[in-house]
Amino acid sequence: ETGVTQTPRHLVMGMTNKKSLKCEQHLGHNAMYWYKQSAKKPLELMFVYNFKEQTENNSVPSRFSPECPNSSHLFLHLHTLQPEDSALYLCASSQDRLQATGELFFGEGSRLTVL
Amino acid sequence: AQSVSQHNHHVILSEAASLELGCNYSYGGTVNLFWYVQYPGQHLQLLLKYFSGDPLVKGIKGFEAEFIKSKFSFNLRKPSVQWSDTAEYFCAVNSNTGNQFYFGTGTSLTVIP
């Protein structure tokens with residue numbers, strides 16, 4: 001139990017579907033992240049939210065749309081995805097963006113398959 | 001931009017063998033260094049971290065890592081591996097002025113009983 005919960009754990013969707021990934025953290029952290037983990041590639045940072053404000057967007061295509069309604073919840077809305085978007089999507093949290101020595105706490109990930 | 005290189009993609013060892021996984025990073029400023037581990041079917045979790053002070057850092061489960069600033073390296077070591085150490089190991093770097101964590105591609109370790 002990491003304190004970071006992701007749902008669903010597995011998702012299969014067609015290219016025309018709209019779905020959402022959800023992340024919830026129970027650690028009292030203020031910063032939340034979405035990462036993409038693909039085989040044989042470094043973890044790719046997608047989005048960072050700090051105190052509900054988006055502070056990083058690493059040139060992520062607009063078919064991925066994040067939402068952070070409060071410091072404990074983070075969503076990734078998905079629409080018109082491509083097969084190459086199939087990957088493990090990891091949510092993480094840390095104490096604070098400004099606490100530079102903070103470590104990341106990860107969820108178990110949502111395995112996405114785009115057909 | 002920062003980058004992290006892990007040169008060993010897949011390592012296979014017998015139990016009781018010694019382990020060293022390489023990690024090099026490129027960044028000119030002050031960094032914090034991490035090793036994360038992902039056991040099969042589990043979440044990524046912190047193995048050890050270096051912020052400052054003694055460059056030899058000890059983590060959980062008998063792992064240690066040494067920060068060599070002149071070589072931009074932070075290699076992970078364990079004197080005697082166990083079957084339960086089978087996992088994916090990720091080196092990560094973050095500058096102490098920002099909140100970007102840069103990860104390597106990971107090293108898959110398989111320990112044969």
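An account of the accompanying structure is given in this report. Position numbers for residues start from 1 in each chain and track the written sequence from start to end. Note on labels: chains are lettered from A, ligands numbered from 1, in written order. In view of the model being predicted, local features appear only for residues whose pLDDT reaches at least 70, and side-chain atom pairs are presented and counted only at 80 or more, with totals across whole chains, interfaces and linings using the full set of residues. Hydrogens and water molecules were not included; the side-chain quantities draw on all heavy atoms of the structure.

### Quick look at the overall build of chain B
Item 1. Of regular secondary structure, chain B possesses zero helices and twelve strands.
Item 2. In chain B, the order of α-helices and β-strands from amino to carboxyl end is β-β-β-β-β-β-β-β-β-β-β-β.
Item 3. Here the globule rule is a power law, 2.2 Å times the number of residues to the power 0.38, and the radius of gyration is based on C-alpha atoms. In summary, chain B has a C-alpha radius of gyration of 13 Å against a globular reference of 13 Å for 113 residues, a match within 12%.
Item 4. Taking the principal axes of its C-alpha atoms as reference, chain B extends roughly 45 × 25 × 20 Å.
Item 5. Think of it in three bands: residues with accessible area under 20% of the maximum for their type are buried, residues over 50% are exposed, and the middle band is partly exposed, with areas taken using a 1.4 Å probe on protein chains only. When burial is assessed residue by residue, chain B has 50% of its 113 residues classed as buried.
Item 6. Residues are treated as being in contact if the distance between any of their heavy atoms lies within 4.5 Å. Restricting the contact set of chain B to residue pairs at least 6 apart, pairs at least 24 apart contribute 55%.
Item 7. For the area figures, the Shrake-Rupley method with a 1.4 Å probe applies, and any residue is considered shielded solely by the protein chains shown. Surface exposure of chain B reaches about 5,100 Å², of which carbon and sulfur atoms provide 54%. Secondary structure elements follow DSSP: runs of H or I of four or more residues count as helices, runs of E of two or more count as strands, with numbering from the N terminus.

### Considering the pattern of salt bridges
Residue and element names in this part refer to chain B.
Item 1. What counts as a salt bridge is simple: a side-chain nitrogen of Lys or Arg found within 4 Å of a carboxyl oxygen of Asp or Glu. Applying the stated criterion across every chain, the model contains seven salt bridges over all chains.
Item 2. One salt bridge in this structure joins R77 and E66, with 3.3 Å as the shortest N-O distance. One end of the pair, R77, is in strand β9 (residues 73-78); the other, E66, is in strand β8 (residues 64-68), and eleven residues separate them in sequence.
Item 3. For E66, a relative accessible area of 28% puts it in the partly exposed group.
Item 4. A salt bridge links K78 to D85, with the nearest nitrogen and oxygen atoms 2.9 Å apart. Like K78, the residue D85 is buried in the burial classification.
Item 5. Salt bridges sharing common partners tie together K58, E64, E66 and R77.

### Some words on the side chain of N30 of chain A
Item 1. Structurally, N30 of chain A can be placed in the loop between β3 (18-25) and β4 (31-37).
Item 2. Sequence-distant contacts of N30 of chain A, defined by excluding residues within four places in its chain, comprise Y49, N50, F51, S71, S94, Q95 and D96 of chain A.

### So, the interface of chain B and chain A
Item 1. Between chain B and chain A, the residue contacts involve 22 residues of the former and 26 residues of the latter.
Item 2. By convention, the term buried area covers the 1.4 Å-probe accessible surface removed from two parts as they join, with the contributions of both added. Both faces considered, chain B and chain A share a buried interface measuring about 1,800 Å² in area, 55% of it formed by carbon and sulfur atoms.
Item 3. Salt-bridge contacts for K49 of chain B lead to E103 of chain A; the nearest nitrogen and oxygen are separated by 3.1 Å.
Item 4. N or O atoms within 3.5 Å of each other form a polar contact, as long as, within protein, one can give a hydrogen and the other can take it, and as long as residues adjacent in sequence are counted only when both atoms are side-chain atoms. In this assembly, chain B and chain A are joined by three residue pairs in polar contact (both at pLDDT 80 or more).
Item 5. For the side of chain B that touches chain A, the elements supplying multiple residues, two or more each, are β5 (31-38), β6 (44-50), β10 (87-95) and β11 (101-103) of chain B.
Item 6. In terms of residues, the side of chain B that touches chain A owes the most to one element, β5 of chain B, which gives four residues.
Item 7. For the side of chain B that touches chain A, a count of residues per class yields eight nonpolar, 13 polar and one charged. Residues are grouped as follows: Ala, Val, Leu, Ile, Met, Phe, Trp, Tyr, Cys and Pro are nonpolar; Asp, Glu, Lys and Arg are charged; all remaining types, including Gly, are polar.

### Quick look at the sheet that holds strand β8 (residues 73-79) of chain A
Residue and element names in this part refer to chain A.
Item 1. Two strands qualify as a pair provided DSSP detects at least 2 bridges between them. In space, the four strands of this open sheet follow the order β1-β3-β8-β7, with antiparallel pairing throughout. Of all strands in the sheet, those bounded by a partner on one side alone are β1 (4-7) and β7 (64-70). Going across the sheet, the axis of each strand differs from the next one's by a mean of 20 degrees, ignoring polarity.
Item 2. As paired elements, β1 and β3 share four bridges and run antiparallel to each other. Within β3, the residue paired with T5 across the bridge is E24. Orientation is described by axes fitted as lines to C-alpha atoms, over the contacting stretch for helices, and by angles from 0 to 180 degrees between their N-to-C directions.

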